[in-house]
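Descriptive analysis of the structure
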Amino acid sequence: MKKLAFAALAIVATATFAQDIDERKILSLNEMQRHHILTEMRALLLGTQQILQAITEDDMLAVARHARMLGTEMAHSGENHLRSVLPKDFMQLGISVHKSFDQIAADAETLKDTKHTLAQLSMTLQTCVACHAAYQIRTTDLPAEAQPVHHDHH
Ligand code: HEC
């Protein structure tokens with residue numbers, strides 16, 4: 001019985017991972033652009049964790065504070081130079097996430113309803129999931145050691 005279940009699991013696992021080529025749309029970026037985006041991503045993950053922590057402590061002011069840091073203010077800090085290289089759909093998804101966090105912050109202050117905040121957070125995370133399912137980053141740069149030395153700073 002156990003063996004059967006294991007075999008079934010193995011089949012499911014194979015089916016899930018059969019696609020060994022990453023077929024998500026490619027964002028062709030240089031190292032700096034990749035670093036910028038991934039740094040923001042880690043901040044989104046950290047902020048989400050901090051919001052959840054604040055909810056467990058019933059601290060809705062902290063929820064608002066952490067959510068606001070992930071809001072449209074965050075988007076303004078340096079995304080301009082990426083706007084020209086990123087697809088519109090991608091930008092739209094990103095902006096929608098930042099707007100959701102603004103709304104989470106505002107509602108946390110006024111409604112102070114943890115269940116409502118959790119529902120909003122869950123909705124917001126669907127956008128994270130959707131974007132990750134659709135896009136991958138590939139860098140156009142050569143490996144550092146193979147790169148000619150040059151001094152242009154952007
Ligand atoms: C507009 C698209 C988009 C949205 C929205 C988005 N991400 Fe990402 N995220 C990406 C892409 C693209 C990557 C790189 C994936 C790859 O190359 O495989 C990434 C990578 C990450 C990483 C890995 C960071 C690293 O250092 O490697 C984390 C963590 C992450 N995202 C968290 C989040 C969270 C949490 C949210 C929502 C609150 C979110 N992202 C929303 C596009 C998005």
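Residues numbered from 1 in each chain as written. Predicted model: local features only at pLDDT ≥ 70, side-chain atom pairs only at ≥ 80, totals over all residues. Heavy atoms only, no water.

The chain is annotated in an unreviewed UniProt entry as Cytochrome C of Nitrosomonas nitrosa.

**Considering the overall build of the chain**
Summing up its helical and strand segments, the chain has 7 helices and 2 strands in all. Of the regular secondary structure in the chain, the N- to C-terminal order runs α-β-α-α-α-α-α-α-β. Residues counted as buried form 27% of the 154 residues belonging to the chain. Sequence separation of 24 or more characterises 79% of the internal contacts of the chain that already satisfy a separation of 6 or more. (Helix = DSSP H or I, 4+ residues; strand = E, 2+ residues; numbered from the N terminus. Buried < 20%, exposed > 50% of the residue type's maximum accessible area, 1.4 Å probe, protein only. Contact = heavy atoms within 4.5 Å.)

**Observations concerning the site of the ligand**
What surrounds the ligand is a group of 18 residues, the closest being M41, R42, C128, C131 and H132. Taking R42, its side chain carries an N or O atom lying 2.6 Å from an oxygen atom of the ligand. Elements supplying a minimum of two residues to the shell around the ligand: α2 (31-56), α6 (88-110), α7 (114-134) and β2 (135-139). For the shell around the ligand, a count of residues per class yields 12 nonpolar, 4 polar and 2 charged. (Near = heavy atom within 4 Å. Polar contact = N/O pair within 3.5 Å; in protein donor to acceptor, adjacent residues only side chain to side chain. Nonpolar A, V, L, I, M, F, W, Y, C, P; charged D, E, K, R; others polar.)

**Some words on the nonpolar core**
Membership of the largest hydrophobic core comes to 17 residues, with the highest contact counts inside it found for L44, I51, V63, A67, L70, F101 and I104. Aside from chain neighbours lying at most four places away, what touches V63 is I51, A54, I55, I104, A108 and T117. L29, L82, F90 and Y135 belong to the second-largest nonpolar core, a separate cluster that totals 9 residues. (Core = buried A, V, L, I, M, F, W, Y, C linked by side-chain atoms within 4.5 Å.)

**A closer look at the side chain of Q33**
Inspection of the secondary structure assignment puts Q33 in helix α2. According to the relative accessible area criterion, Q33 is buried, its value standing at 11%. Discounting chain neighbours no more than four positions away, the residues touching Q33 are L82 and V85.

**Points about the coordination of the iron atom of the ligand**
Only M41 (SD) and H132 (NE2) from the protein coordinate the iron atom of the ligand, and they sit 2.0 to 2.2 Å from it. Around the iron atom of the ligand, the 6 donor atoms sit at angles spanning 85 to 178 degrees, and that spread fits a shape best called octahedral. Separated by 91 residues along the polypeptide, M41 in helix α2 and H132 in helix α7 bring together distant segments of the chain. (Donors = N, O, S within 2.8 Å, 3.2 Å for Na, K, Ca; no water. Tetrahedral: all angles 85-135°; square planar, octahedral: opposite > 155°, others 65-115°.)

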